[in-house]
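The chain contents come next:
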Amino acid sequence: SDRGLVTNNMIFDNGVVPRLDRPEAEVQDWHSGCSGKSRQHYSGLVLNNAEGVKLWSNNVAARYDDDYAYKQEVDGSGSPAPVEAGGNNKACKGLVEMNPATVITTVTDLSICGPSKYAEVFCGEKCHLIQWPYTMGNTFVSDEAYTSCELDCETAVLGTNGCRAFSLQDDYRPGNEGKRWCFLYKASMEPNPADCASDPFNDPNGVPCSYHTSNGQFFITPEIKATYNVLDFSD
């Protein structure tokens, strides 16, 4: 609304309504009501047709890197009204479109905006980093796959090889139809060749680093994501 004060909000785990271009790690019964439909690329804080707004001390993590964490919307072709005053707003994940942009600070520590430890990286149809040392892990029923694979990675962190990331894909092995296969990426060994240690989903220097998957997903801590420059796949 106009002349509103938006302050001290922490937003995370929003955007649970599916996007058609993003397969869900855990399919819920209610998703059937959304079949064939897709939400907008917003899963954070949106100022809709609002003027005279003050924006202070909000922490927002969008669900996906290409979702908006902060966005201004206006009906018609006009430009959104500038935020009247604001500051100390943080975007831990996602895009930012706010006028003026200086009222938002982008940070990489997801813990500032909520409890999520792993960030999802969009990996297209090639979500297995074949050149990152890995362990082919367990297979799980679909609605338990993310939680179980995350737990396996957390358990592996305490072991000899560690775990810097994990991925899920449809299990193509006979007898495992409808299940999801968990892959754990070892922290004890570096990617080989070294070209795959930076931006691996986009075949750096023409070196193929990722392998085809069916309904693949890739999850990594923000710290490791930054260290290895793990960017979303781009066509």
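Report follows, based on the coordinates. The structure presented is a predicted model; accordingly, all values stated were derived computationally and were not measured. Position numbers for residues start from 1 in each chain and track the written sequence from start to end. Residues qualify for local features only when their pLDDT is at least 70, as the model is predicted, and side-chain atom pairs are given and counted only at 80 or more; totals for whole chains, interfaces and linings, by contrast, use all residues. Excluding hydrogens and water, the side-chain values take into account all heavy atoms of the structure.

## Describing the overall build of the protein
The helix and strand inventory of the protein stands at two helices and 17 strands. Computed over its C-alpha atoms, the radius of gyration of the protein comes to 19 Å, within 12% of the 18 Å expected for a compact globule of 235 residues. With respect to the principal axes defined by its C-alpha atoms, the protein has extents near 60 × 40 × 35 Å. Working definition: with a 1.4 Å probe on protein chains only, accessible area under 20% of the residue-type maximum means buried, over 50% means exposed, and in between means partly exposed. Split into buried and exposed, the 235 residues of the protein put 43% on the buried side. Long-range contacts, defined here as pairs at least 24 residues apart, represent 71% of the contacts in the protein between residues at least 6 apart. Put simply, the protein shows about 11,900 Å² of open surface, and 51% of that area lies on carbon and sulfur atoms. Charged-residue counts in this description rest on Lys and Arg as positive and Asp and Glu as negative, His and the chain ends being excluded. Every charge is mapped onto a representative atom, which is NZ of Lys, CZ of Arg, CG of Asp or CD of Glu. Of the side chains in the protein, 18 bear a positive and 32 a negative charge, and the two mean positions are spaced by 2 Å. Secondary structure elements are taken from DSSP: a helix is a run of H or I of four residues or more, a strand is a run of E of two residues or more, and numbering for both begins at the N terminus. Every radius of gyration here is taken over C-alpha atoms, with the globule rule written as 2.2 Å times N^0.38, N being the number of residues. Contacts: residue pairs with any heavy atoms within 4.5 Å of one another. Reported accessibility uses the Shrake-Rupley method at a 1.4 Å probe radius. Residues are deemed covered only where the shown protein chains occlude them.

## Overview of the sheet that holds strand S5 (residues 59-61)
Two strands pair if DSSP finds at least two bridges between them. Pairing is parallel in the open sheet, where four strands are placed in the order S2-S5-S8-S10. Edge positions in the sheet fall to strand S2 (10-11) and strand S10 (104-106), since each has one partner strand and no second.

## What about the side chain of Asn89?
Within the secondary structure, Asn89 is located in strand S8 (residues 89-93). Residue class for Asn89 comes out buried when judged on its relative accessible area of 0%. The residues contacting Asn89, other than those within four sequence positions of it, are Leu55, Trp56, Ser57, Asn58, Tyr70, Val103, Ile104 and Thr105.

## Remarks on the state of the cysteines
The bond known as a disulfide is covalent and runs between the sulfur atoms of two cysteines. Disulfides are defined as pairs of cysteine sulfur atoms found within 2.5 Å of each other. Evaluation of the coordinates by the stated rule reveals five disulfides. At a sulfur-sulfur separation of 2.1 Å, the disulfide partner of Cys153 is Cys163. Taking the sign of the torsion about the S-S bond as the criterion, the disulfide between Cys153 and Cys163, at about -105 degrees, is left-handed. Of this pair, Cys153 sits in helix H1 (residues 145-157) while Cys163 sits in the loop between H1 and strand S14 (165-170); the two residues are ten residues apart in sequence, bridging distant segments of the chain. For the pair formed by Cys153 and Cys163, the shared burial category is buried.

## Let's talk about the nonpolar core
Counting 17 residues, the largest nonpolar core has Trp132, Tyr185, Phe201, Phe218, Ile220 and Val230 as its most contacted members. Secondary structure elements with two or more residues in this core: strand S15 (179-185) and strand S17 (217-220). Here this core takes three residues from S15, the largest share from any one element. Here Trp132 is in contact with Arg164, Tyr185, Pro191, Cys196, Pro200, Ile220, Tyr228 and Val230, once residues within four sequence places are set aside. Only buried residues count toward a nonpolar core, which is a set of Ala, Val, Leu, Ile, Met, Phe, Trp, Tyr and Cys residues joined through side-chain atoms within 4.5 Å. Ranked by size, the runner-up nonpolar core spans 15 residues in total, among them Ile11, Leu45, Tyr70 and Val103.

## A few points about H1
The length a helix should cover is 1.5 Å for every residue beyond the first. Helix length check: H1, at 13 residues, gives a terminal C-alpha distance of 18 Å against a target of 18 Å (1.5 Å per residue), a fit within 8%. If you check which residues of H1 are buried, you get Ala145, Tyr146, Ser148, Cys149 and Cys153. Considering only its buried residues, H1 is in contact with strand S13 (134-141), S14, S15 and S17.

## A look at the environment of Gly94
Here Gly94 is to be found in the loop between S8 and strand S9 (95-97). Residue class for Gly94 comes out partly exposed when judged on its relative accessible area of 22%. For Gly94, the residues in contact, after removing those within four places along its chain, are Ala62, Tyr64, Asp65, Asp67 and Ala69.

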